[in-house]
Amino acid sequence: MSRHVSVPEKWDLEVDFAVAGSSAGGLTAACKAHELGLSTVVLEKAATLGGGTAFSGGVIWIPCNHHMVEEDIPDSRQAALEHIRYTSMGRHDEEMLATYLDKGPEMLRDVEAITPLRMQPATTLPDYREYLPGGSTGGRLLAPDPLYMAQLLLDAESEYPILSKIRRSPFPLFSAVPLPTNDPRFYVAGRALIGGLLLGCIQKGIEVLDSTPARSLIVQDGRVIGLRAEREGRDFFVKANKGVLLATGGYEWNAEMNKRFMRVAEIHGITPPGNEGDGHTMGMEVGGAVALMDLSLLMPTVRIPGDEIDGKPMYRIWQFNIGQPGNILVNKEGKRCCDEAFYPDIGRAFESMDAQKLQPANLPMFWIVDQNFRDRIPVGPLPKGTEMADWLHKGDTIEELAEKLGLPPANLKETVERFNKYAREGLDPDFRRGETGYDKRWGFWPNRKPNPALGPLDKPPFYGMQLHVGTVGNMGGLVTNTNAQVIDVAGNPIPGLYATSNTAAPLAFGLAYTSGMVGGKAMIFGWLAAQHASGITSEAAKEVAKAPVPGRQVAAREAAGAAIAASGQAAAGNKLVSVGESAPVEAVRGKGIRILNEDGSSVLDLEGIEKAGDRLCMKGRLMGSFSTNMYIDATGFYRMLRMLIRPSTIVFALLSPVYWLRDFYRSRSK
Ligand SMILES: Cc1cc2nc3c(=O)[nH]c(=O)nc-3n(C[C@H](O)[C@H](O)[C@H](O)COP(=O)(O)OP(=O)(O)OC[C@H]3O[C@@H](n4cnc5c(N)ncnc54)[C@H](O)[C@@H]3O)c2cc1C
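Residues numbered from 1 in each chain as written. Predicted model: local features only at pLDDT ≥ 70, side-chain atom pairs only at ≥ 80, totals over all residues.

1. Examining the overall build of the protein chain
From N to C terminus, the protein chain includes 20 helices and 28 strands. Here the protein chain holds 670 residues, and 53% of them are scored as buried. (Helix = DSSP H or I, 4+ residues; strand = E, 2+ residues; numbered from the N terminus. Buried ≥ 20, exposed ≤ 12 C-beta atoms within 10 Å, placed from the backbone.)

2. Details of the site of the ligand
Taken together, 42 residues are adjacent to the ligand, and G51, G52, G57, G249 and G473 come closest. Among the secondary structure elements, those contributing two or more residues to the shell around the ligand are helix 1 (24–35), helix 2 (51–55), strand 21 (462–474) and helix 15 (517–534). When grouped by side-chain class, the residues that make up the shell around the ligand number 17 nonpolar, 22 polar and 3 charged. Shared between two domains, the shell around the ligand holds at least three residues of each, these being domain 1 (13–295 + 475–567) and domain 2 (297–472). (Near = placed C-beta within 6 Å. Nonpolar A, V, L, I, M, F, W, Y, C, P; charged D, E, K, R; others polar. Domains from an automatic or database assignment.)

3. Overview of the sheet that holds strand 3 (residues 60–61)
Reading across from one edge, 3-5-4 is the order of the 3 strands in this open sheet, with antiparallel pairing throughout. Because the sheet does not close on itself, it has two edges, and the strands there are strand 3 and strand 4 (119–121). Relative to strand 5 (residues 141–144), strand 3 runs antiparallel, the two sharing 2 bridges. In the sheet register, I60 faces strand 5, and the bridge partner there is L142. (Pairing = 2+ DSSP bridges.)

4. Re the packing of helix 12 (residues 398–405) against helix 13 (residues 409–423)
Helix 13 packs onto helix 12 with a crossing angle of 130° between their chain directions and a minimal axis gap of 8 Å. What the angle tells us is that helix 12 and helix 13 run oblique. Regarding helix 12 and helix 13, the two cross each other, and that crossing is right-handed. The segment helix 12 lies against helix 13, with I398, E399, A402 and E403 engaging P409, L412, K413 and V416. Residue composition of the contact of helix 12 with helix 13, by class: 5 nonpolar, no polar and 3 charged. (Axes fitted to C-alpha atoms, helices over the stretch in contact; angles between N-to-C directions. Parallel < 35°, antiparallel > 145°, perpendicular 65-115°, else oblique. Left-handed = near helix turned anticlockwise from the far one by under 90°. Contact = placed C-beta atoms within 7 Å.)

5. As for the pairing of strand 19 (residues 365–370)
Within strand 19, 6 of the 6 residues are buried, which leaves it mostly tucked inside the rest of the structure. Residues M365, W367 and V369 of strand 19 are buried on one face, and the alternating residues F366, I368 and D370, pointing to the opposite face, are buried as well. Sheet analysis places strand 16 (residues 327–330) next to strand 19, joined by 4 bridges and oriented antiparallel. Across the sheet, the residue bridging to L329 is W367, located in strand 19. Across 6 bridges, strand 19 lies against strand 21 in antiparallel orientation. Opposite F366, over in strand 21, you have Q466 as the bridge partner.

6. Considering the confidence of the model for the protein chain
On average, residues of the protein chain score 85 in pLDDT, and 79% of them reach the 70 mark or higher. Confidence drops under a pLDDT of 50 for residues 623–636, and excluding neighbours within four residues, the segment shows 40 contacts in the predicted structure. (pLDDT = per-residue confidence, 0-100.)

7. A short note on the environment of L43
Structurally, L43 is set in strand 2 (residues 40–43). Taking the C-alpha atoms as reference points, L43 and D210, 167 residues apart in sequence, are found 6.2 Å from one another. Other than its neighbours up to four places away in sequence, L43 contacts A18, V19, A20, L209, T212, A214 and A229.

8. Notes on the pairing of strand 24 (residues 493–499)
Across the 7 residues of strand 24, 5 count as buried, placing the element largely inside the fold. As judged from the 3 bridges shared by strand 9 (residues 234–246) and strand 24, these two strands associate in the parallel manner. Residue pairing in the sheet places V244 in a bridge with L497 of strand 24. Across 2 bridges, strand 23 (residues 485–487) lies against strand 24 in antiparallel orientation. Within strand 24, the position partnered with I487 by the bridge is P493. Hairpin connection, strand 23 to strand 24: the antiparallel pair is bridged by 5 residues, and G491 has positive phi, about 95°.

9. Side note on helix 7 (residues 189–204)
Count 3.6 residues to each turn of an α-helix, and residues three or four apart come out pointing the same way. The terminal C-alpha atoms of helix 7, which comprises 16 residues, lie 23 Å apart, in line with the 22 Å expected from a rise of 1.5 Å per residue. In terms of residue burial, helix 7 counts as a mostly covered element, since 15 of its 16 residues are buried. (Expected span 1.5 Å × (residues − 1).)

10. As for helix 15
The end-to-end C-alpha separation of helix 15 is 26 Å, in line with the 26 Å expected for 18 residues at 1.5 Å each. Of all 18 residues making up helix 15, 18 are buried, and the element is well covered by its neighbours. The first or second residue beyond helix 15 is G535, which carries a positive phi of 80°.

11. Some points on the nonpolar core
One finds A18 and L245 to be the most contacted residues of the largest nonpolar core, which totals 164 residues. Look past the residues within four positions of L245 in its chain and what remains in contact with it is F17, V19, A20, G26, A29, Y498, A499, T500, G526 and A529. (Core = buried A, V, L, I, M, F, W, Y, C linked by C-beta atoms within 7 Å.)

12. Some details on unusual backbone geometry
Apart from glycine, the bulk of residues carry a negative phi angle, and the bulk of peptide bonds sit in the trans form. Note that the residue after K449, namely P450, is joined by a cis bond; omega there is 0°. Relative to the helices and strands, P450 is located in the loop between helix 14 (437–442) and strand 21. The phi torsion at A484 lies on the positive side, around 70°, for a residue other than glycine. With respect to the helices, strands and loops of the structure, A484 is situated in the loop between strand 22 (477–478) and strand 23.

13. What about the environment of G326?
Structurally, G326 is set in the loop between strand 15 (316–317) and strand 16. Residue classification places G326 among the buried positions, given that 22 C-beta atoms sit within 10 Å. Distance in space between the C-alpha atoms of G326 and L457 is 4.7 Å, their sequence separation being 131 residues. Here G326 is in contact with V369, D370, N372, F373, G455 and L457, once residues within four sequence places are set aside.

14. A few points about the environment of R348
Residue position: R348 is located in helix 10 (residues 343–351). Sequence-wise, R348 and C338 are 10 residues apart; in three dimensions their C-alpha atoms are separated by 8.0 Å.

Below is the structure:
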């Protein structure tokens, strides 16, 4: 990457607002900037779109969001504030936190109005530690409405083939969970979040250029006025009159930066390999300060030979296998070291130091399971049962397995015996696994007694393997203010430069992580960056948002004055799917629908459908994961029916009872 780029004689493209990175924050910003009258471009380094967000659950954390209000789920700004203050361990910034909480609900409502994205609250998915002050038992976390978004995006794909460029994981990320997320046909979770935002961009006529990495910022008289990118093997200069947004993700694939900033020597990215900290470097080159660089969403991974992404070796996420009954993690002493059902605690164990030996206390770490586990849950690419692979070790006794893994046999035996004794009672006095609502949610069988997260390892043979330290995102990054402007080392905003996604430090919440904060932060601060770059005050932006959708750009131009009007784009031709206000529910009894996975877990368990004015309220569990009410308009309902009558779905539905019966008889004969 070149370090200093002078102003080129000729620009290849001139826009108001240039976004680097097709992350959720980047795409949100692009849509908002366009709404406010700015001509906008999105540059993406990879040939595929959506980055690590496309791999994700697509969950965002927005306290007091309007869906909670619609569904009568209680929450308060004060409670959310208290929760972050209590759990951030003093590393958040009060002003950034206030902005997150105040602007989050506004951003969500606006994004649902200006893009086809529709979110729904995960009503029973709690904050990680919901029992701590200000914690919530559900509703703050939202995920893309799976049925509505999946069908909408599938339908849109034929008209907008660029949607099919949204990243798909090279192997099932949720490997133990046979979710449709793993099925390339499906737009759910992170693919639906990116899909909704990308469709918004495309429908507005915003150019999204893949295979075009941003390389350096161009500064004139102290202001960032554009950037140098690469396109088709040559320099591609983009002039950005109102600003450049860096939304290039984290730096987890940059080994050198990991070594400089992280507390663990070797970390493997579970995001796409383009997340090498390009935005961090570009920001630092022009004087940007960085913060919280040692913060990462560490997760256990395994190396399965042949697993690759974009031609590079990839470590497979292993978290979804862990925390189920019948398995534990142990350190090199053969001793447990964390609450296996709570990945942040595994991250803490990865980073712990042995104060006597001045060595990592728990590395390498090992995963130990029994045959009961293997009878119920696939192990990566290995199906349920007894099939083996080179990367998995087996022992007829715990001691034999310990020998094979190089662990002290007596220690491992003692560890398993102690764990088993309490697990049978549903208890874990050592690490309190399975005590919280969040821990219990990991269990694939939520009704399992006495505890869905606990069960003994008592059926031989036993299996084990070494784990590696992975991450779903390094979170530290450029210091930004409440307008998402990058701050320099002297504390001043760098004119024309903005950052969001994991490229910006999470100053709004510090160490107070709950699922969805990465996505929430990325979208809120991307949205604010667009607003600030447009020069429109937040009050004026609210007025623009109130204007009818087709007239919004006119309103934006009026609010922003002649400068923006001169560079604005035609609003005509925008095809927007807007979300209507919710109507009161008028209950009508409906019939349930159930679709099962091969292993008997439910993909869709629709308990009932109720008519609510011109809308339908559907209640049930989706993918064994969410228990929720879905509001869907009549068009959405017909879309869902069309999805259900797709030939592949019919085959799937017909085969499900067969698989279920087969498994039922197998389990009875064991
Ligand atoms: C399995 C899994 C589940 C997860 N679940 C959740 C969840 O539910 N909620 C949540 O909040 N987080 C979740 N995460 C974490 C989060 O999704 C990741 O940390 C994600 O990478 C964060 O995205 P981002 O916004 O930082 O950028 P990304 O989505 O990673 O996007 C960055 C983009 O920038 C591009 N880029 C990089 N350099 C350049 C350049 N020089 N020029 C142009 N483009 C560039 C990259 O190619 C990439 O497309 C999950 C992660 C995983 C892997």
